[in-house]
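# Architecture at a glance
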Amino acid sequence: MPNFAYRGRNSAGEIEQGVLEGATAGAVADLLFGRGVTPMEIKPTTASIGGTEGGSGINFKLFKQKVEHMDVLLFSRQIYTLLRAGVPIMRALAGLQESSTNSAMKDVLQDVRESLDSGRELSLSLARHPKVFTPFYLSMVRVGEMTGRLEEVFLRMFDHLAFERFMQDQVKSALRYPSFVVAAMGIAIVIVNIFVIPAFAKVFKGFGAELPLMTRILIGFSDFMLNWWHVLLLGIVGGIFAFNTWRKTTKGRYTWDRFKLNIPIAGKIVRKATLARFAASFALASRSGVPIIQALTNVAETVDNAYISDKVEKMRDGVERGESILRTSIAAGVFTPVVLQMIAVGEESGALDDMMKEVADMYQSEVEYELKTLAQQIEPILIISLGIMVLILALGIFLPLWDLGKVTMKK
C-alpha cells in the first residue's frame, strides 16, 4: 500500500506530522481520527514510515545503526516475559521501544506499533521488516497467533536464536588462531619476495654460474611480484569479487554449499552444525503445533545451506505424496544411521518432536567438541605448511651459497 505524509493537530492542540500507510488518503484520515488527531493535510509521499522525505526521496544518514542478532534475541526474551506477566501487546512494545538502546530497533518497534494500531496482526506487522525478522521467525509468530501460544513461541524463538549465536561464537573463536597464523604466513611471503629474495638475487648474479632450479623459481616469482604487483592485486580483488558474485546466484550457492560439506576437517563441522539447526528448527515447529509439511517448508528456509535446504524440500515433497518421514530421510542421504534410527522411533511412537530435539542436542554436543578440537586438528596442517615454506626458502637461498662454499674450498 502507498504511504501518505500527514500533518494534523492532536487533542492537546499540538501539531503532529509523520508518515502512515493506507489504501487511500481517506483511510489514513480515518486512522488519524481514531487516534484523536484532526488531519490538516494528507498527501502521497515516497518517504518510508519512520523516515523523512528528501529531494530525491532518499534518506541519507551516516553511521546509521542496524538491528543486530542480539537485538532480536533480547526482544524475543523480553516480549515473552511481558506477555507472560499479562501486559497487553501494545504496552509491551511501547516499553521495549523506550528501553531499547538501538535507534534502529526503536524505529522498527515504532513501525510495528503503528501497524498494529491500523488493525494488522503481529506477524504481518513484523513482516514489514524482512531484514530483521527471518521467514522462520515470522512463521512461528503466525503459528503462535493461530494457536494462542504466542508467549511460548517467543520463548522458543529466544532459545533458538541463542543456539544460533552460540554456534557463530564458537566458530569464530575456533577460527581465530588459524586465521592469525595464515595471515602471518601470507605477510611473511610478501615481505620475503619483496625485500629478502631481491637482495640475494643480486649476490647470485655475481656468481656467473647456473643457479639451482628452486633458486630460479624463487627469483622468478619475486620478479613477477615486483614488476606485476598491480596486476596480481587486481587479479586477487577481481577473483574475490567474481567468486562472491557467483556464490550469490542460485546455482553458485547450491554448488558452494555442497562443496563446503566436503572440505577436510571443516566440512564435517559445517554438516553437523547445519543438521543441528535443522533438527532444532523442526522440533520447535512441531512442538508449536505446525503441520509436518509446513514445518519442513519453514525449516528449509532456516538451515542456511542451499544443498541441505534442497534435500529438506524433497523430504517435504515425499511426505506430501504420502511417504513416511523415515523413508524421505533415508532418501535425502544426509543423515547418519543413528539419526535415522531416532527418527524411526519418534515417528512410530508419535514423539517425533522429542526425538528431533534429542538429535539437535546430540549434534550440538558433537559440534561443540569438534570446535574445541578444531585448532588441534588444524595445527599439524599449519606446521607442515610452514615447514614446506621454510624448506623451499632454505633450498632456494642457501643451495647457491653452499655451492659457492664448495668452489671456494676447492680453490
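Presented here is a report on the structure given in the accompanying data block. Predicted, not measured: the structure shown is a model, and the values here were computed from it.

Quick notes on the rules
Residues numbered from 1 in each chain as written. Predicted model: local features only at pLDDT ≥ 70, side-chain atom pairs only at ≥ 80, totals over all residues. Heavy atoms only, no water. Core = buried A, V, L, I, M, F, W, Y, C linked by side-chain atoms within 4.5 Å. Buried < 20%, exposed > 50% of the residue type's maximum accessible area, 1.4 Å probe, protein only. Helix = DSSP H or I, 4+ residues; strand = E, 2+ residues; numbered from the N terminus. Contact = heavy atoms within 4.5 Å. 1 Å grid on protein atoms, 1.4 Å probe; cavity = no way out; pocket = protein on both sides within 12 Å on 5 of 7 lines; lining within 4 Å. Points joined across faces, edges and corners; volume = space filled by probe spheres on them. Axes fitted to C-alpha atoms, helices over the stretch in contact; angles between N-to-C directions. Parallel < 35°, antiparallel > 145°, perpendicular 65-115°, else oblique. Nonpolar A, V, L, I, M, F, W, Y, C, P; charged D, E, K, R; others polar. Phe/Tyr/Trp six-rings, centres within 6.5 Å; stacked < 30°, edge-to-face > 60°. Lys NZ or Arg CZ within 6 Å of the ring centre and 35° of its normal. Left-handed = near helix turned anticlockwise from the far one by under 90°. Salt bridge = Lys/Arg side-chain N within 4 Å of Asp/Glu carboxyl O.

Residues Phe75, Phe133, Tyr137, Phe154, Phe278 and Phe335 are the most contacted members of the largest nonpolar core, which totals 74 residues. Looking at this core, the element that brings in the most residues is helix H11 (residues 266-287), giving eleven residues. Not counting residues up to four positions away in its chain, the partners in contact with phenylalanine 335 are Leu275, Phe278, Met315, Ser329 and Leu340.

Our focus in this paragraph is the layout of surface pockets. By volume, the largest pocket is sized at about 1,300 Å³. Lining of the largest pocket is provided by 45 residues; of these, Glu164, Gln168, Arg277, Val303 and Asp304 occupy positions nearest its centre. Going through the elements one at a time, helix H2 (69-84), helix H6 (135-147), helix H7 (150-205), helix H10 (250-260), H11, helix H13 (306-320), helix H16 (352-372) and helix H17 (374-410) are the ones with two or more residues in the lining of the largest pocket. By residue number, the principal contributor to the lining of the largest pocket is H7, which donates ten residues.

Packed helices, taken two at a time, are described by the angle their axes make and the gap between the axes. In the contact formed by H7 and H11, the axes pass within 11 Å of each other and the chain directions differ by 175°. Considering their axes alone, H7 and H11 lie roughly antiparallel with respect to each other. Side by side, H7 and H11 meet where Arg156, Met157, His160, Phe163, Glu164 and Met167 of the first sit next to Ala273, Ala276, Arg277, Ala280, Ser281, Leu284 and Arg287 of the second. For the contact of H7 with H11, the per-class residue count stands at seven nonpolar, two polar and four charged.

Now for the packing of aromatic side chains. This model, assessed by the stated rule, comprises ten aromatic pairs. Between tyrosine 137 and phenylalanine 154, the ring centres sit 6.4 Å apart and the planes meet at 55°, which makes this aromatic pair tilted. Of this pair, tyrosine 137 sits in helix H6 while phenylalanine 154 sits in helix H7, placing them 17 residues apart in sequence. Three or more aromatic residues joined by ring pairs form one cluster here, namely Phe75, Phe133, Tyr137 and Phe154. The ring centre of phenylalanine 158 lies 5.3 Å from the NZ or CZ of arginine 77, which sits over that ring.

Time to look at the side chain of histidine 129. Relative to the assigned elements, histidine 129 resides in the loop between helix H5 (122-126) and H6. Residues within four places of histidine 129 in sequence aside, it is in contact with Val108, Asp111 and Val112.

With that out of the way, let us pick up the packing of helix H14 (residues 325-332) against helix H15 (residues 337-349). Where H14 meets H15, the closest approach of the two axes is 9 Å, and the angle between their N-to-C directions is 165°. Between H14 and H15, the crossing angle belongs to the class labelled roughly antiparallel. Crossing of H14 against H15: the hand is right-handed. Between H14 and H15, the residues in contact are Ile325, Leu326, Ser329 and Ile330 and Leu340, Ile343, Ala344 and Glu347, respectively. In terms of residue class, the contact of H14 with H15 is built from six nonpolar, one polar and one charged.

Time to look at the pattern of salt bridges. Where charged atoms from two side chains of opposite charge come close, those side chains can pair. According to the stated counting rule, one finds twelve salt bridges in the structure shown. Linking glutamate 323 and arginine 321 is a salt bridge whose minimum nitrogen-to-oxygen distance equals 3.5 Å. Note on glutamate 323: relative accessible area 29%, which makes it partly exposed. One continuous salt-bridge network, built from bridges that share partners, spans Lys268, Lys272, Glu366 and Glu370.

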